[in-house]
Amino acid sequence: MSAIAAIPPKSYEVKPKLDESGTPIGELLEISMGPHHPSTHGVFRMDVVLDGETVVKLKPVFGYLHRNHEKIGENISYLASMPYTDRLDYFCSMTNNWAYALTVEKLAGLAVPERAEYIRVIMAELTRLQNHTCLIGFFVQDMGALGTPMMYAFREREKILDLFESVSGARMMCNYMRFGGVRVDVNDEWIAQTKTVVSNYSKFLDEFGTFLTENEIVLARSQFVGVLPKELAINASITGPMLRAAGVNYDLRKVDKYGIYSRFNFQVPVGEHGDIYDRYMVRVLEMRESIKILEQALRDIPAGPVMDPKSKLRGFRPKPGEVYGRVEGPKGELGFYLISDGSPNPYRYRVRPPSFVNLTILEDMCLGHRISDAVVILGSVDIVLGEVDR
Amino acid sequence: METLEQIKARIEAALPSAKIDIVANECPAGERSLLVDAANGFLIAKFLRDDAQLKLDYCSNVTGVDWPDKELTEKTRVKQVVDGVEKEVEEVNKTIRPGYLEVVYHLYSMALKHGPVVLRLRTENRADQTHLPSLTPLWRGAEFQEREVYDLYGVIFDGHPDLRRILMWDEFVGFPMRRDYIAPDDFEYEPTPHDEVLVEAKKHYPVEPKAEVKV
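Definitions and cut-offs
- Residues numbered from 1 in each chain as written.
- Chains lettered and ligands numbered in written order.
- Predicted model: local features only at pLDDT ≥ 70, side-chain atom pairs only at ≥ 80, totals over all residues.
- Helix = DSSP H or I, 4+ residues; strand = E, 2+ residues; numbered from the N terminus.
- Rg over C-alpha atoms; globule rule 2.2 N^0.38 Å.
- Buried ≥ 20, exposed ≤ 12 C-beta atoms within 10 Å, placed from the backbone.
- Core = buried A, V, L, I, M, F, W, Y, C linked by C-beta atoms within 7 Å.
- Contact = placed C-beta atoms within 7 Å.
- Nonpolar A, V, L, I, M, F, W, Y, C, P; charged D, E, K, R; others polar.
- Axes fitted to C-alpha atoms, helices over the stretch in contact; angles between N-to-C directions.
- Parallel < 35°, antiparallel > 145°, perpendicular 65-115°, else oblique.
- Left-handed = near helix turned anticlockwise from the far one by under 90°.
- Pairing = 2+ DSSP bridges.
- pLDDT = per-residue confidence, 0-100.
- Expected span 1.5 Å × (residues − 1).

Visitor: Please give an account of the overall build of chain A that cites residues and values.
Guide: The secondary structure content of chain A amounts to 15 helices and 8 strands. Rg of the C-alpha trace for chain A: 22 Å, near the compact-globule value of 21 Å for 390 residues, within the 12% margin. For chain A, the spread of C-alpha atoms along the principal axes amounts to about 75 × 60 × 35 Å. Across the 390 residues that make up chain A, the buried fraction comes to 49%.

Structural data, given as structure tokens:
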């Protein structure tokens, strides 16, 4: 291993700004923002070079939460990875479970019963609702509205987390889905409760929207800030609401039609300008579409089993082969890539985290803006460090 | 979308020097992949991105796979004269398949909404010939993911704009996702080591000098 020449770390020397004749004017300031900074949404660091207040250079630095999730996944059985996927994006454990279960089902050729498919859609859309709600709370907090708006968002989030808790036993680390179905069935009372939460949600969105959507400060801070052009967004593999805000209609629920998404009537909101405000609006509209999906799913959910009788949880050994499965998580495309060699553990277990890839263009979006805008731009990317660092 | 055979034939028509194999996948729901040679890897990827019928403008997933040296056993039946009688005897031939590192790209098209085309590139070996062309100039989205593959597997991507470690710290030695990586025994963190941890931890303890007993 020592034969490989190590690449020396890049030099980040800060050079003074020069005028046309080559004499230095003023000085650039290098700031290491984070890892323990409240606006960085976790242990995330930005090496920022500032000219006055303007960002000249920005490098994201992460890995503080790195525990080599993929290596752990290679050393434990397929099923044992399921609770670990909760810890990737700890806001959306249900979607992570689904992505992993979907990939293993593709690998082993398992079918999912009808009722379980409906339950999965309900869980995924509830997850999307609470993730986007929280994100908007954080987003307003990043702009300086400390505390109160976030608490409004968290109040609604808790209602959804209560539903998760009553069905899976845990608020955030749900560990709910299994290969070929879901762990436990939901009862009629739960469905009635969910219907109440969902029917009250549009009212909450209206209320939240009254405060934010046409708020003067929100408009001033977010319109034409952090613009991401359409071509760059596609080229940089951006996914999720970030991509759709840039004007690309690409939603895996429509493109791949995984699960039973082809049965629901919903639309994909697409932005025009690719700025922060569009990202906010796309998320709000996506929540309204999620409510539509939830209403249809809760209305149509059939009775029946929730596990494929062929699926084996213990002694599970899929045949050799490799597979890539992906779902539309609230943050973007969440993919799992598995190689099986016929043993109880995967030979290769790879997570394609959406927020890790979405950070690629953070510098491009921040250049030329104020340092205070960089905070809001980072917030609009919607990162969770459990997933970025893995 | 076209089949992989058609794509392969069209690449070979456009780039006569390209060497392409189709790697089978035993999983029926999974995709077969195109194994391309490292020398032409960049041009083949460029062809896939710019071709009007494919338009693979979206590089979703980049990942590394480590394949260490593997001992292959091959059994052949050979006729041998044993004790004056001709018999069929099984002869076992052992060959070692040299190991390599592999980088896998999953390409989709956002414009035409199809995919994936799976592209694989392999290094010469796992020790000193671990160079591969970087596809970051074609797809920005590969930038961080290729850095991650460099960080965890040690594949060096030629042409990458900023190839540094990304998850581990810069001074870290070794590539933790390789299958033969041995984690350093980090036993000192345990405040009160016991059982097998204690045995390992004792290697780190200084030898205590025995007190001299004076009569």
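Picking up after the structure, the text goes on.
Visitor: Go over the overall build of chain B, please, and point to the residues and values.
Guide: The number of helices and strands found in chain B is 4 helices and 9 strands. Along chain B, helices (α) and strands (β) appear in the sequence α-β-β-α-β-β-β-β-β-β-α-β-α when read from the amino end. Against the 2.2 N^0.38 benchmark of 17 Å for 215 residues, chain B shows a C-alpha radius of gyration of 25 Å, more extended than a compact globule. Along the longest, intermediate and shortest principal axes, the C-alpha atoms of chain B span 95 × 70 × 30 Å. Across the 215 residues that make up chain B, the buried fraction comes to 33%.

Visitor: Residue-level account of the nonpolar core, with values.
Guide: Formed by 146 residues in total, the largest nonpolar core has its most connected members in Ala233 of chain A together with Leu119 of chain B. At 13 residues, the largest contribution of residues to this core is made by helix H4 (residues 114–142) of chain A. Leaving out residues up to four positions away in the same chain, Leu119 of chain B has contacts with Ser33, Leu34, Val36, Ala45, Tyr105 and Leu107 of chain B.

Visitor: Describe the interface of chain A and chain B, listing the residues and the values that go with them.
Guide: Listed by partner, the interface residues are 39 residues for chain A and 38 residues for chain B. Of all the secondary-structure elements, those providing two or more residues to the side of chain A that touches chain B are helix H1 (69–75), helix H3 (93–108), helix H8 (230–235), strand S6 (321–329), strand S7 (332–340), strand S8 (348–352) and helix H12 (354–358) of chain A. Its residues assigned to classes, the side of chain A that touches chain B shows 19 nonpolar, 9 polar and 11 charged.

Visitor: Residues and numbers for the environment of Tyr108 of chain B, please.
Guide: Residue and element names in this part refer to chain B. Note on placement: Tyr108 falls in strand S6 (residues 100–109). Owing to 25 C-beta atoms within 10 Å, Tyr108 belongs among the buried residues under this scheme. On a C-alpha basis, the gap between Tyr108 and Glu91 in space is 47 Å, while along the polypeptide they are 17 residues apart. Setting aside anything within four residues of it in sequence, one finds Tyr108 in contact with Leu56, Tyr58, Ser60, Gly115 and Pro116.

Visitor: Go over the packing of helix H6 (residues 188–212) of chain A against helix H11 (residues 276–300) of chain A with me, naming the residues and quoting the values.
Guide: Residue and element names in this part refer to chain A. The interhelical angle for the contact between H6 and H11, taken along N-to-C directions, is 160 degrees, at an axis separation of 10 Å. Considering their axes alone, H6 and H11 lie roughly antiparallel with respect to each other. H6 and H11 meet at a crossing whose hand is left-handed. On H11, the residues touching Ile191, Thr194, Lys195, Val198, Tyr201, Ser202, Leu205 and Gly209 of H6 are Val284, Met287, Arg288, Ile291, Leu294, Glu295 and Leu298. Tallied by class, the residues present in the contact of H6 with H11 amount to 9 nonpolar, 3 polar and 3 charged.

Visitor: Describe in detail the pairing of S6 of chain A, supporting the description with residues and values.
Guide: The side chains of a regular strand alternate between the sheet's two faces. Residues and elements named next belong to chain A. For S6, a buried count of 9 out of 9 residues is recorded, marking the element as mostly surrounded by other parts of the structure. Alternating positions in S6 separate into two faces, Gly321, Val323, Gly325, Val327 and Gly329 on one and Glu322, Tyr324, Arg326 and Glu328 on the other, with burial throughout. Where S6 folds back on S7, the antiparallel hairpin that results is connected by 2 residues.

Visitor: Outline the sheet that holds strand S3 (residues 54–61) of chain A, listing residues and values.
Guide: Residues and elements named next belong to chain A. Strand order in the open sheet formed by 3 strands is S1-S2-S3, with antiparallel pairing between adjacent strands. The sheet terminates laterally at strand S1 (29–33) and S3, the two strands that pair on one side only. Direction aside, the axes of adjacent strands within the sheet are offset by 20 degrees on average. Bridging between strand S2 (residues 45–51) and S3 involves 7 bridges; their strand directions are antiparallel. Within S3, the residue paired with Leu50 across the bridge is Val55.

Visitor: Break down unusual backbone geometry for me, citing the residues and quoting the values.
Guide: Residue and element names in this part refer to chain A. For Asn175, which is not glycine, the phi dihedral falls at a positive 50 degrees. Among the structural elements, Asn175 can be located in the loop between helix H5 (148–168) and strand S4 (177–178). In this structure, Asp382 takes a positive phi of about 65 degrees despite not being glycine. Along the chain, the position of Asp382 falls in the loop between helix H14 (371–381) and helix H15 (385–389).

Visitor: Describe in detail the confidence of the model for chain B, supporting the description with residues and values.
Guide: On average, residues of chain B carry a pLDDT of 83, and 92% of them reach 70 or more. The secondary structure element of chain B with the lowest average pLDDT is helix H4 (residues 195–202) of chain B, at 76, and the one with the highest is S6 of chain B, at 91.

Visitor: Describe in detail H4 of chain A, supporting the description with residues and values.
Guide: In a regular helix each residue adds 1.5 Å, so 29 residues correspond to 42 Å; H4 of chain A covers 42 Å between its end C-alpha atoms and thus fits that length. Of all 29 residues in H4 of chain A, 25 are buried, a share of seventy percent or more.

Visitor: Go over the packing of H3 of chain A against H4 of chain A, please, and point to the residues and values.
Guide: In a pair of packed helices, the angle between the axes and the distance between the axes together describe the arrangement. All names here are of chain A. Relative orientation of the contacting elements H3 and H4 amounts to 135 degrees, with a least axis distance of 8 Å. Taken together, the axes of H3 and H4 are oblique relative to one another. Here H3 and H4 pass one another in a crossing that is left-handed. Facing Met94, Thr95 and Trp98 of H3, the residues of H4 in contact are Arg120, Met123, Ala124 and Thr127. The class makeup of the residues in the contact of H3 with H4 is 4 nonpolar, 2 polar and 1 charged.

Visitor: Could you give an account of the sheet that holds S7 of chain A, with specific residues and numbers?
Guide: Strands in a sheet are paired, the pairing made by backbone hydrogen bonds, and the direction either parallel or antiparallel. Residue and element names in this part refer to chain A. Strand order across the open sheet formed by 3 strands is S6-S7-S8, with antiparallel pairing between neighbours. With partners counted over all chains shown, the strands left at the sheet margins are S6 and S8, one partner each. Across this sheet, the average inter-strand angle for adjacent strands is 10 degrees, counted without regard to direction. With 5 bridges joining them, S7 and S8 adopt antiparallel strand pairing. Looking at the pairing, Leu338 lines up with Tyr349 of S8.

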